[in-house]
Amino acid sequence: MTEKKKVLVGQYRFHPDAEAELKRLEEAGFAVTYNETGASYTEDDLIGVLPGHMAVIASGEPYSERVLAGAPGLKVIARWGVGYDSVDMAAATRHGVAVAMAFGSNHDAVADLAFALMAGLACEVPRFHAMVAGSEWNPDWHGSLWRSTVGLVGLGRIGRAMARRCQGFEMRVLAHDSQPDAAFAKDAGIALVSLDTLFAESDFISLHAPYTAETEKLINARTLASMKPTAYLINTARGGLVDEAALSHALTQGGIAGAGLDVFRDEPPVGSPLLGIEANVLYAPHWGSQTGNADAGAARLCVDAVLAISGGNSPAGDVLLNPEVVS
């Protein structure tokens, strides 16, 4: 009897709507191992559990040279998401491991959260919530989104989805992207500007850029000082884009008005200087993409990639980061 190929699901928590998609692996004859630890796998966890699996549906756990070297039978890393900073791409390609992404599955969900954080800050929800919860009743003025200026750092799928939401409030939309689509920006009424202009003129700055060596600590003491003291920062991208100590100082010393944060450098952010700032900060646990529709869509794309590559084919769409491995 031929032994079943094994697939590891590294995502430790997912919406019930995604279960039907994952079940397709078993229906196709794969043996599926689920992460039942209740937490993200560490590098050592992966070294212990990954060998023997031909594919992994990956969350944010680290796929380093050390991990990949210890799993010679691995052929596919299918990322449950759109960021791949946790995957050593050079090592994956060197070891013949195809890396597939769930591009297009979660951009609306993340944009929803980014916009919700922005609206909550504009209307000063944290302050009024604390006031009423503390048995105070002191109605006061607050800011608004209407016809204000938003600066989007990154104009990919999520940045574009955010732009559409902002335009519904007649906001002036500025954007900066390392590889801008000028034709799209013109058609959409988005002004492509330098980072300096974006920081100086925006009432809200929303980060939608990938985490790379170039974008690490993009938000730092210098860039924070160039923002309006009345401006807000929204980060639903990656925690590494922000110098947390510098942002904490700006928030507590009045350098900027507030921040909405779904991501942190270390997650969970134990000991982060950003924790405990209550008056002008909204927090979320890196869960912007976790809706039923987004989870099911990500699972579907991951399963499609595993099934295609295990059969010697390339998955449909532009989802492979290193297609040369499959070809």
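Look up a bit, the structure's there.
What you see is a predicted model; the values in this text were computed from it and never measured. (Residues numbered from 1 in each chain as written. Predicted model: local features only at pLDDT ≥ 70, side-chain atom pairs only at ≥ 80, totals over all residues. Heavy atoms only, no water.)

Here the focus is the packing of aromatic side chains. Counting across every chain of the model gives five aromatic pairs. Judged by centre distance (6.2 Å) and plane angle (40°), the ring pair of F14 and Y34 falls under tilted. Note that F14 is positioned in the loop between β1 (6–9) and α1 (16–27) and Y34 in strand β2 (residues 31–34), a separation of 20 residues in sequence. We classify F14 as partly exposed; its relative accessible area is 22%. Cluster of aromatic residues (ring-pair linked, three or more members): F14, Y34 and W80. For R127, the ring lying beneath its charged end belongs to F128, and the centroid distance is 4.5 Å. Residue placement shows R160 over the ring face of F184; its charged tip is 3.9 Å from the ring centre. (Phe/Tyr/Trp six-rings, centres within 6.5 Å; stacked < 30°, edge-to-face > 60°. Helix = DSSP H or I, 4+ residues; strand = E, 2+ residues; numbered from the N terminus. Buried < 20%, exposed > 50% of the residue type's maximum accessible area, 1.4 Å probe, protein only. Lys NZ or Arg CZ within 6 Å of the ring centre and 35° of its normal.)

Spatial strand order, β2-β1-β3-β4-β5: five strands in an open sheet with parallel pairing. Both outer strands of the open sheet, β2 and β5 (98–101), are each paired with one neighbouring strand and no more. Each neighbouring strand pair of the sheet contributes to a mean axis angle of 20°, computed without reference to strand direction. Pairing of strand β4 (residues 76–79) with β5, which is carried by four bridges, proceeds in the parallel orientation. For V76, the partnering residue across the bridge sits in β5 and is A98. On top of the sheet, helix α12 (residues 292–310) reaches β1, β3 (55–58), β4 and β5; it is set at about 165° to β4, its chief contact. (Pairing = 2+ DSSP bridges. Axes fitted to C-alpha atoms, helices over the stretch in contact; angles between N-to-C directions. Contact = heavy atoms within 4.5 Å.)

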